[in-house]
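Examining the three-dimensional arrangement
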Amino acid sequence: MSAKTTEPSRLILLFIATLVAGAAVISVDPFRLSVIANDSNFQAQYVQQPSRFQMFSRDQDSKLQVSQKRFLNDGSGPESLVFDPKGRGPYTGVADGRIVRWDGLENGWSEFATTSPNRSEICSSTKPYSKVIETEHICGRPLGLRFDPTTSELYIADAYFGVLKVGPEGGQAAPITTQAEGIPLTFTNDLDISADGTIYFTDSSAKYQRRNFFLLVLSGDDSGRVLKYDPVTKDTKVLIRGLQFPNGVALSKDESFLVIAESVPGRLLRHWLKGPKAGSTELMAILPGHPDNVRRNDKGEFWIALHCRRSLPSRISGTFPALRRWFLKLPIPFKQVYRLFNGGYPHGMVVRYSEQGQLLQVLEDEEGKVVKFASQVSEEDDGQLWIGSVLLPYIAVYDLTALQNNI
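Residues numbered from 1 in each chain as written. Predicted model: local features only at pLDDT ≥ 70, side-chain atom pairs only at ≥ 80, totals over all residues. Heavy atoms only, no water.

Let us now look at the overall build of the protein chain. Looking only at helices and strands, one finds six helices and 27 strands in the protein chain. Relative to a compact globule of 407 residues, whose C-alpha radius of gyration would be 22 Å, the protein chain shows 23 Å and is just as compact. Dimensions of the protein chain, computed from the C-alpha atoms along their principal axes, are close to 95 × 50 × 50 Å. In the protein chain, buried positions account for 53% of the 407 residues. (Helix = DSSP H or I, 4+ residues; strand = E, 2+ residues; numbered from the N terminus. Rg over C-alpha atoms; globule rule 2.2 N^0.38 Å. Buried < 20%, exposed > 50% of the residue type's maximum accessible area, 1.4 Å probe, protein only.)

With that out of the way, let us pick up the sheet that holds strand β6 (residues 142–147). Sheet strands pair by backbone hydrogen bonding; their relative direction is either parallel or antiparallel. Taken together, four strands build an open sheet; the order of strands is β6-β7-β8-β10 and the sheet is antiparallel. Both outer strands of the open sheet, β6 and β10 (174–177), are each paired with one neighbouring strand and no more. Going from strand to strand, the sheet's axes swing by 30° on average, the running direction of each strand aside. Bridging between β6 and strand β7 (residues 154–158) involves four bridges; their strand directions are antiparallel. The residue of β7 that forms the bridge with Phe147 is Leu154. (Pairing = 2+ DSSP bridges. Axes fitted to C-alpha atoms, helices over the stretch in contact; angles between N-to-C directions.)

This part covers the environment of Ala37. Position of Ala37 relative to the elements: it lies in the loop between α1 (3–28) and β1 (68–70). Look past the residues within four positions of Ala37 in its chain and what remains in contact with it is Asp29 and Arg32. (Contact = heavy atoms within 4.5 Å.)

So, about the environment of Cys123. Here Cys123 shows up in the loop between β5 (109–114) and α2 (129–139). Once residues within four sequence positions are removed from consideration, Cys123 is found in contact with Asp96 and Cys139.

Following this line, the structure appears as structure tokens:
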């Protein structure tokens with residue numbers, strides 16, 4: 001064979017060898033540029049996916065786009081929203097660790113409570129979100145909020161300081177529980193309270209704190225728990241183990257079961273508290289996206305806020321964890337990975353389900369003009385939907401009684 005015919009072959013082999021060597025170098029991430037570079041124990045777990053033939057309803061009119069932005073730039077990350085038994089509010093926890101209350105147009109927002117005993121000047125409300133998240137383990141990050149309708153005490157799930165409560169006048173919240181069965185709470189997320197004062201709540205992971213929530217999502221870590229605090233014995237008991245990012249919780253109207261939103265696989269679970277199935281957990285619904293909080297309306301139906309819809313990359317990577325781990329070792333910027341796994345662009349979606357797990361309503365903001373990264377949706381007596389977001393600097397309000405009109 002002549003030198004002329006062997007030279008192209010050598011060049012092709014050299015090119016292939018260069019690609020392989022480059023891929024090998026990138027895959028071991030020697031410059032620690034990947035999103036998992038600082039997690040030496042990162043493990044990618046299998047995530048169950050819905051059938052490829054399962055179809056999900058859509059809101060073709062993007063009705064949430066007519067929602068009203070309220071309290072713009074008055075606080076970042078209003079994750080959970082609640083009104084007190086006297087109708088005052090809303091109350092919400094914001095990114096700098098405070099719980100604030102709306103006191104009307106004349107007075108605006110006032111600080112109502114704090115969860116951290118370690119607050120200082122570093123807990124500034126003027127810092128950008130990227131800086132706030134670096135200190136939230138010191139300043140606190142209140143997430144799920146619930147009022148006791150009889151005592152007007154506010155119960156708080158703080159991501160770092162466990163379950164706490166504060167009286168009707170506010171102030172420094174007092175811890176109720178910070179561990180279960182000898183294991184500290186790592187990522188307390190949401191809670192609900194029964195008529196007898198029992199608190200049901202989620203601990204989203206035993207490995208990842210909230211400031212590393214995206215690593216929790218990417219790994220599919222299954223150390224999440226659902227727990228129960230008994231106000232009489234003061235004991236905290238684990239009801240369910242082995243969940244992948246358990247998030248929102250809500251009791252049924254008759255308190256016979258508990259609904260749990262499991263974020264990574266995108267589903268609702270039903271845990272029976274009473275009746276012949278008491279103590280058992282079953283699938284209630286497969287969701288069209290990845291849920292955050294769950295809130296019940298007066299009819300006993302459940303509103304679920306979805307952080308994002310399902311995406312093809314998350315479906316594929318959930319099914320093939322080894323492929324996901326390899327991809328995440330590539331030097332791709334965090335923002336690009338986050339965008340890829342969250343459907344490509346910000347959008348908003350909330351859904352309503354019956355007690356039986358039947359989908360009743362889908363509302364969307366397809367382009368994310370007003371609603372996106374929804375963390376909670378609460379239906380109030382006047383037909384208003386109050387929609388919070390753990391990432392945005394405002395609250396969205398949608399009028400269910402006037403679907404096509406601006407508020």
